[in-house]
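# Geometric and topological summary
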Amino acid sequence: MNQPVDWSDVHAQLTALQASVAAAHQAALDSIGGSDADGFIVALSQLGETLTRVQPVLAATLAIHTPPAEVILLTQQVGTGIDNLFALNTRLSVQAQRALDVLFPPDQVKVYSRLGARTQGLGGAGSGYIKA
């Protein structure tokens, strides 16, 4: 026979996970205006630790017991928060890549790469060293 589940404990774990997702999302938004993305990296690291700690217990509990509606709703909200965080991270990555493409157009980078490969420098032909 199955042991009764303390749904308040499951709810608390999901709430902690939801708070961690929200903190990572806010850190991502904060990194947009600032020049330092370390806060976002720290928040993602903390989210990863929380997920690692909470996920196996929740998966095992939710697999063998039917959760109350409140827990199901909270689980869906956490899933939506993670999906939104992933989408935000993808948009930030695309924006950063666009900015780099403006600063360093791929065609010009290729030209410089070929120029370095064709010059004969200290290392011999094709070494990539430009002779001064």
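Our subject is the structure listed above.
Quick look at the structure, then. Just so it is clear, the model here is predicted, and its values are computed rather than measured.

The secondary structure content of the chain amounts to four helices and two strands. Relative to its 132 residues, the chain shows a buried fraction of 22%. For the chain, long-range pairs separated by at least 24 residues make up 64% of all intrachain contacts whose partners lie at least 6 apart in sequence. Carbon and sulfur atoms make up 60% of the accessible area of the chain, which amounts to about 9300 Å² in all.

Roughly 160 Å³ of internal volume is contained in the largest pocket. Ser-31, Ile-32, Ala-37, Phe-40, Asn-89, Leu-92, Ser-93, Gln-95 and Ala-96 together form the lining of the largest pocket. The element best represented in the lining of the largest pocket is helix H3 (residues 69-103), accounting for five residues. Classifying every residue of the lining of the largest pocket gives five nonpolar, four polar and no charged.

How each quantity is defined
- Residues numbered from 1 in each chain as written.
- Predicted model: local features only at pLDDT ≥ 70, side-chain atom pairs only at ≥ 80, totals over all residues.
- Heavy atoms only, no water.
- Helix = DSSP H or I, 4+ residues; strand = E, 2+ residues; numbered from the N terminus.
- Buried < 20%, exposed > 50% of the residue type's maximum accessible area, 1.4 Å probe, protein only.
- Contact = heavy atoms within 4.5 Å.
- Areas by Shrake-Rupley, 256 points an atom, 1.4 Å probe, with all protein chains shown as cover.
- 1 Å grid on protein atoms, 1.4 Å probe; cavity = no way out; pocket = protein on both sides within 12 Å on 5 of 7 lines; lining within 4 Å.
- Points joined across faces, edges and corners; volume = space filled by probe spheres on them.
- Nonpolar A, V, L, I, M, F, W, Y, C, P; charged D, E, K, R; others polar.

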